[in-house]
Amino acid sequence: MLYFSTNKKSPLVNFREATITGLAPDNGLYFPKTIPVLPPDFFKHLKTKTKEQIAFEVIRPYIGNTIPEEELFTICSETVNFDFPLKKINDNIYSLELFHGPTLAFKDVGARFMSRCLGYFSRGSDKKVTVLVATSGDTGSAAANGFLDVKGVDVVILYPSGKVSKIQELQLTTLGKNITALEVQGTFDDCQSMVKQAFLDKELNENLSLTSANSINVARWLSQQFYYFFALQQWEHEQPPVISVPSGNFGNICAGLLANFSGLTVKHFIAACNSNDVFSDYINDKVYMPKIATATISNAMDVGDPSNFVRLLELFEHNHATIKERISNCCVEDNVTEATILEVYKHYHYILEPHGAVAYKGLEEYLKKNKTDKGIILETAHPVKFEEVVKKVIHHQVELPVAMEYLFKLEKKSTIIKPEFEELKSFLLKG
Ligand SMILES: *Cc1c(COP(=O)(O)O)cnc(C)c1O
């Protein structure tokens, strides 16, 4: 499999190179030259296949010969070695719980897959890979956890001081070993712009092999397809589901669309957004106009210029009409998100967190107009990660999973820096 850059000004590369470099030299995103179609036999036996087998068969065509099959199977097994249960909320809405991984967020899947691929690629190389991550919470913790102890890879995480939740901060700062947390005295946007500058800095790139761990990276993006197959594996209705995806950078939904293009039957997609509404504007006005992100309670989706939007366009060959036909848009304001959390808790005793609640509302509205359909929301994080919001709304404590209790016994270790690129640069060069 070869990958081209969405800016069309870089040479084609294989999976190995696309994963190591992250962003193409022309600043485009890598995209597979062809989308593999899985054989009918695969779908016929989907229900009886193991998660490992599904992951392996789905990803294999994308990897080509860059990772030997046995190695790839091990990577896949380690990537999906936790539960992905599909829980019934009511007669028409099911929740695919993607928060049973080590950091309680769906980003664990992509981070675990990517870290293991990079670990394999850096074997036998004397040049260390440095993964630079700017995070508002979940991306950093999933990456830190995924890369912990991976030889040949160092991870440097930048997070905005005081702007991530307690549990997220502990997940970022207590691992040690090859993981370093930089506590930036600024905002998430500051962190992100410092990281962007680092990728463009000549001196840094001569000295270090830098890569990113966000969904720009193909290894993270492509592996997010797995759980759409797990959803269908557990789906017991005859008609295919409508899937509502809480969306920020649009990596997750684009992975679902890829799965769909590969043959997985999905009735319809909903790109569920908070008040950051660039996708809705695109659907309504046919023009894509990035905006400054506004802060909401579903903060992992506070994105004003979704980086994977170009991949969405590429998937549909820039055809606005087809995009509109296949994907519905919705924007859910914070007060509605809170009301949804309360309503679902009261009626169905199911605790949603803000991102899942946005997806729920989007699906509920869609089903009002499409009464014979049923659907799935992706619940992308555990409610305890957004405990303050949830507790305020339902007046009930969210229990910390036992597996997380150890975190509160660990010691936070971070290096405080000013929101200035030069500080990051000298830190990285000191090594
Ligand atoms: C990252 C994230 C999202 C958004 O996913 P994208 O792939 O960026 O669209 C949604 N919910 C949670 C909890 C997240 O961490």
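Note: the structure precedes this text.
First, a word on what this report is: a plain description of the structure on this page.

What counts, and at which threshold
- For every chain, the first residue of its written sequence is number 1, and the numbers climb from 1 along that sequence.
- Reporting of local features is limited, given that this is a predicted model, to residues whose pLDDT is at least 70; pairs of side-chain atoms are given and counted only at 80 or more, and all residues count toward the totals for whole chains, interfaces and linings.
- Values reported for side chains reflect all heavy atoms of the structure, with hydrogen atoms and water molecules removed beforehand.
- Each salt bridge in this description consists of a side-chain nitrogen of Lys or Arg and a carboxyl oxygen of Asp or Glu lying within 4 Å of one another.
- In this description a helix means any DSSP run of H or I spanning at least four residues, a strand means any run of E spanning at least two, and both kinds are numbered starting from the N terminus.
- With a 1.4 Å probe rolled over the protein chains alone, any residue whose accessible area is under 20% of its type maximum counts as buried; one over 50% counts as exposed, and the rest are partly exposed.
- By convention in these notes, a residue is near a molecule or strand provided one of its non-hydrogen atoms lies within 4 Å of it.
- Polar contact is the term for a pair of N or O atoms within 3.5 Å; when the atoms are in protein, one must be able to donate a hydrogen and the other to accept it, and sequence-neighboring residues count only if both atoms are side-chain atoms.
- A 1.4 Å probe and the Shrake-Rupley method give the accessible areas. Residues count as covered only by the protein chains that appear here.
- As a working rule, the residues Ala, Val, Leu, Ile, Met, Phe, Trp, Tyr, Cys and Pro are called nonpolar, Asp, Glu, Lys and Arg charged, and the rest polar, with Gly in that last group.

Opposite charge on two side chains permits them to pair, given that their charged atoms come into close proximity. Going through the model one piece at a time under the given rule, you end up with 23 salt bridges. For Glu 314, the salt bridge identified is with Lys 8, shortest N-O distance 3.5 Å. One end of the pair, Glu 314, is in helix H14 (residues 309-315); the other, Lys 8, is in the loop between strand S1 (3-5) and helix H1 (15-21), and 306 residues separate them in sequence. Overall, the relative accessible area of 14% leaves Glu 314 in the buried class. Judged by relative accessible area, which is 53%, Lys 8 ranks as exposed. Across the pair Lys 392 and Glu 338 runs a salt bridge whose closest N-O atoms are separated by 3.3 Å. Note that Lys 392 is positioned in helix H18 (residues 387-394) and Glu 338 in helix H16 (residues 334-348), a separation of 54 residues in sequence. Exposure remark for Lys 392: the relative accessible area of 53% places this residue in the exposed category. Here the salt bridges share partners, and the residues they tie into one network are Lys 361, Glu 364, Glu 365 and Lys 368.

Surrounding the ligand, one finds 15 residues, the nearest of these being Lys 107, Asp 138, Gly 248, Asn 249 and Thr 380. Measuring from an oxygen atom of the ligand, one finds a backbone N or O atom of Asn 249 at 2.8 Å. Between the ligand and Gly 251, the relevant distance is 3.2 Å, taken from an oxygen atom to a main-chain nitrogen or oxygen of the residue. For the ligand, whose unbound accessible area comes to 380 Å², protein coverage reaches 97%. Broken down by class, the residue content of the shell around the ligand amounts to 6 nonpolar, 7 polar and 2 charged.

Purely geometric stuff here, so don't read any function into it on its own.
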